[in-house]
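Descriptive analysis of the structure
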Amino acid sequence: GFPRWFGRLTILRQAIDPPRMPAYPPDGGTEGWPVVVFSSGLSGCLEMYTQLGREIASLGAIVVAVEHEDGSGAYAVDACTGEIVRPKRPPQGYKGSRQELIKWRRPFLKQRVRELQQVVDYIGRFGGRLAEKQMSASAPEKDPRQALLSEVLARADPSRLVLAGHSFGTA
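Parameters and conventions
Residues numbered from 1 in each chain as written. Predicted model: local features only at pLDDT ≥ 70, side-chain atom pairs only at ≥ 80, totals over all residues. Heavy atoms only, no water. Pairing = 2+ DSSP bridges. Helix = DSSP H or I, 4+ residues; strand = E, 2+ residues; numbered from the N terminus. Axes fitted to C-alpha atoms, helices over the stretch in contact; angles between N-to-C directions. Salt bridge = Lys/Arg side-chain N within 4 Å of Asp/Glu carboxyl O. Buried < 20%, exposed > 50% of the residue type's maximum accessible area, 1.4 Å probe, protein only. pLDDT = per-residue confidence, 0-100. Contact = heavy atoms within 4.5 Å. Core = buried A, V, L, I, M, F, W, Y, C linked by side-chain atoms within 4.5 Å. Phe/Tyr/Trp six-rings, centres within 6.5 Å; stacked < 30°, edge-to-face > 60°. Lys NZ or Arg CZ within 6 Å of the ring centre and 35° of its normal.

1. Focus: the sheet that holds strand β2 (residues 62–66)
Taken in spatial order, the three strands of this open sheet run β2-β1-β3, and their pairing is parallel. Unpaired on one side and paired on the other, β2 and β3 (156–165) mark the two borders of the sheet. With strand direction ignored, the average angle separating the axes of adjacent strands in the sheet is 25°. Pairing of strand β1 (residues 33–39) with β2 involves five bridges; the strand directions are parallel. Note on β2: the bridge partner recorded for Phe38 is Ala65.

2. As for the pattern of salt bridges
Taken as a whole and judged by the stated rule, the model has two salt bridges. Here Asp70 makes a salt bridge to Arg112, at a shortest N to O gap of 2.8 Å. Placement of Asp70 in the loop between β2 and α3 (98–126) and of Arg112 in helix α3 is noted, with a sequence separation of 42 residues between them. Accessibility expressed as a relative area gives 1% for Asp70, which makes it buried. A relative accessible area of 3% places Arg112 in the buried class. Measuring nitrogen to oxygen at the nearest pair gives 3.0 Å for the salt bridge that ties Arg160 to Asp157.

3. Section: unusual backbone geometry
Even without being glycine, Ser43 reaches a positive phi, approximately 60°. Examined against the element boundaries, Ser43 turns out to sit in the loop between β1 and α2 (50–58). The residue Ser167 is not glycine, and still its phi comes out positive at about 55°. With respect to the helices and strands, Ser167 occurs in the segment after β3. Overall, Ser167 belongs to the partly exposed group, its relative accessible area being 49%.

4. Regarding the confidence of the model for the protein chain
Low pLDDT marks regions whose predicted coordinates should not be analysed in detail. Taken as a whole, the protein chain shows an average pLDDT of 80; of its residues, 74% reach a score of 70 or greater. Counted against residues more than four places away or in other chains, residues 1–16, with its pLDDT under 50, gives seven contacts.

5. What to know about the nonpolar core
With 12 residues, the main nonpolar core is built from Trp33, Val35, Val37, Ile62, Val64, Val66, Leu116, Val119, Ile123, Val152, Leu153 and Ala156. When residues of this core are traced back to their parent elements, those giving at least two are β1, β2, α3 and α5 (144–153). If sequence neighbours within four positions are ignored, Ile123 has contacts with Val35, Val37, Val64, Leu153, Pro158 and Leu161.

6. Observations concerning the packing of aromatic side chains
If you walk through the whole model with that rule in mind, you get four aromatic pairs. Considering the side-chain rings of Tyr94 and Trp104, the 6.0 Å spacing of their centres and the 45° angle between planes classify their relative orientation as tilted. With Tyr94 in the loop between β2 and α3 and Trp104 in helix α3, the pair connects residues that are 10 residues apart, well separated along the chain. Ring centres of Tyr122 and Phe126 lie 4.7 Å apart, and the angle between their planes is 45°; this geometry places the pair in the tilted category. Of the two residues, Tyr122 and Phe126 are both situated in helix α3; the distance of four residues between them amounts to about one turn of the helix. Members of the aromatic cluster, connected to one another through ring pairs, are Tyr94, Trp104 and Phe108. In this structure, Lys88 is placed above the aromatic ring of Phe108, and the distance from its NZ or CZ to the ring centre is 5.8 Å. Taking NZ or CZ as reference, Arg105 lies 5.2 Å from the ring centre of Phe108, over its face.

Below, the structure written as structure tokens:
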């Protein structure tokens, strides 16, 4: 038969481990949680690092995993268009030399650096207690995902930000 969790998930439509809002930090809320920005490796995607992100979060950090749109991952969705970003393959005639590999991967790396910089800038701009006050004073978020992100980042301490990744994600 099917495992019990499968029945709960499909029949009762209950999430096994639903996303949770981080509590205010144990210091009484004077400082926010540290933030870990995670970058996946080649052929990776957000879903492949879910458990690792949860483990890091369980140690007392807000984890932001970046879905890179450079075509080096197994799956991604373009944030602007909503279209699926297909994995890119080496160009025809690619022989696999070190120089060819560096030349082919360099645009991926440049785009990842831009994406990570945008994420870090966003966290710096909207993270922390001051941002919480600014967000609550602004118009309510229309996108529920954006509203959740705003609430989470309100509990962040952007001055305690760490970049982490796996394989190409650390390049």
